[in-house]
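The residues making up each chain are set out below.
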Amino acid sequence: TTWSNTPTLATARDRAHGGGPNSSNGLCAGGLTSPGVVSVVEEFTSSTNVITAGAWSSGGTLSRSPTTHSGVGLGSTPAGVYIGGVSSPGAITANTELYNGSAWTSGTSTPLNIGYGGGGGTSAAAIVLSGEDPPGSGTTTLEGDASSSWTAGGTRNNAAQGFTYAGTQTSFVTVGGSFPPSYSDTNKVEMYDGTSWTNSPGTYPANTSHGGASGTS
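Report on the accompanying structure. (Residues numbered from 1 in each chain as written. Predicted model: local features only at pLDDT ≥ 70, side-chain atom pairs only at ≥ 80, totals over all residues. Heavy atoms only, no water.)

A tally of regular secondary structure across the chain gives zero helices and 16 strands. Against the 2.2 N^0.38 benchmark of 17 Å for 217 residues, the chain shows a C-alpha radius of gyration of 16 Å, consistent with a compact globule. Projecting the C-alpha coordinates of the chain onto the three principal axes gives extents of approximately 45 × 40 × 35 Å. Counting across all 217 residues of the chain, residues that qualify as buried make up 43%. Within the chain, counting contacts between residues at least 6 apart in sequence, those at least 24 apart form 42% of the total. When the accessible surface of the chain is summed, it comes to about 10,400 Å², and 52% of that surface belongs to carbon and sulfur atoms. Within the chain, the 11 negative side-chain charges are centred at a point lying 6 Å from the centre of the 5 positive side-chain charges. (Helix = DSSP H or I, 4+ residues; strand = E, 2+ residues; numbered from the N terminus. Rg over C-alpha atoms; globule rule 2.2 N^0.38 Å. Buried < 20%, exposed > 50% of the residue type's maximum accessible area, 1.4 Å probe, protein only. Contact = heavy atoms within 4.5 Å. Areas by Shrake-Rupley, 256 points an atom, 1.4 Å probe, with all protein chains shown as cover. Lys, Arg positive; Asp, Glu negative; His and termini not counted. Charge placed at Lys NZ, Arg CZ, Asp CG, Glu CD.)

Ordered in space as β5-β6-β7-β8, the four strands form an open sheet in which the pairing is antiparallel. At either margin of the open sheet sits one strand with a lone partner, and together these are β5 (72-76) and β8 (104-106). Across this sheet, the average inter-strand angle for adjacent strands is 20°, counted without regard to direction. When strand β6 (residues 79-83) meets strand β7 (residues 96-99), the two strands line up antiparallel, connected through four bridges. Directly across from glycine 80, in β7, lies its bridge partner tyrosine 99. (Pairing = 2+ DSSP bridges. Axes fitted to C-alpha atoms, helices over the stretch in contact; angles between N-to-C directions.)

Our next topic: the environment of threonine 33. Relative to the assigned elements, threonine 33 resides in the loop between β2 (25-32) and β3 (37-45). Filtering out sequence-adjacent residues up to four positions away, threonine 33 remains in contact with Ala12, Arg13 and Val38. Here alanine 12 takes part through its backbone oxygen, which lies 3.1 Å from a polar atom of the side chain of threonine 33. (Polar contact = N/O pair within 3.5 Å; in protein donor to acceptor, adjacent residues only side chain to side chain.)

Let us now look at the pattern of salt bridges. Taken as a whole and assessed by the stated rule, the structure comprises one salt bridge. Its salt-bridge partner being arginine 13, residue glutamate 42 comes within 3.0 Å of it at the nearest N-O pair. Taken together, the residues span a long stretch of sequence, with glutamate 42 in strand β3 and arginine 13 in the segment before β1 (17-22) at a distance of 29 residues. Arginine 13 matches glutamate 42 in its accessibility class, with the two residues each being buried. (Salt bridge = Lys/Arg side-chain N within 4 Å of Asp/Glu carboxyl O.)

By secondary structure assignment, the location of serine 209 is in the segment after β16 (197-199). At 2.9 Å, the side chain of serine 209 forms a polar contact with the side chain of aspartate 185. Residue contacts for serine 209: discarding those within four places in its chain leaves Gly162, Gly177 and Asp185.

With that settled, consider empty space enclosed by the protein. This model, assessed by the stated rule, comprises one cavity of 30 Å³ or more. Taken as a whole, the largest cavity encloses approximately 40 Å³ of empty space. If you trace the largest cavity, you find it lined by His17, Gly18, Gly19, Leu27, Ala29, Gly73, Leu74, Val81, Tyr82 and Trp104. The element contributing the most residues to the lining of the largest cavity is β1, with three residues. Across the lining of the largest cavity, the residue classes tally to six nonpolar, four polar and no charged. (1 Å grid on protein atoms, 1.4 Å probe; cavity = no way out; pocket = protein on both sides within 12 Å on 5 of 7 lines; lining within 4 Å. Points joined across faces, edges and corners; volume = space filled by probe spheres on them. Nonpolar A, V, L, I, M, F, W, Y, C, P; charged D, E, K, R; others polar.)

To continue, consider the pairing of strand β14 (residues 171-175). The buried count for β14 comes to four of five residues, which makes it a mostly enclosed element. Inspection of the sheet shows strand β13 (residues 164-168) paired to β14 by five bridges, in the antiparallel sense. In the sheet register, glycine 167 faces β14, and the bridge partner there is phenylalanine 172. Adjacent in sequence and paired antiparallel, β13 and β14 are bridged by two residues. The pairing of β14 with strand β15 (residues 189-192) spans four bridges and is classified as antiparallel. Bridged to valine 175 within β15 is valine 189.

By themselves, these observations are geometric and do not establish any function.
Laid out in structure tokens, this is it:
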């Protein structure tokens, strides 16, 4: 019903990649800051059994080079996944990294580059949506185990990047986003059932992009 402040990140950044099952267990990896892209990872933990607020602590640094922002983060603190991303001066990658709670190792790269996309689920049952992959369609869905293989899922109805998203492999939702050449924000809502995408009869109250969400559809 209400919002409250929690401890801040040690490293300020935007376009970072998140993960975690709930507000008591989170992961923030990489991102864009001044003067450039960072590979810093921080973990958040809190408990209802203690009086003090939750706290951020240092996690294992991303291993990729060059570092990227605007990729897709999913999974949890002891089993996180970081997919794709954009490096300076703008190259998009398909690299996948897996997190075991202390260190990152290479996973299975996605069959297309992923930048400004979205995703959810777990490392073993992941869903990843393409965003900008010049000259990509912005409608591709991938499903799979990030440590072994990826397969094509249903095709989205609306091309978008920078959309707000949440859910799992079998229950996923996207809201808004934009796409070239206009890059105009939209208020379209799409739902995924694990096989196909449908346009929601309702739309978001305002045009939006680059928002944040969690939970299921």
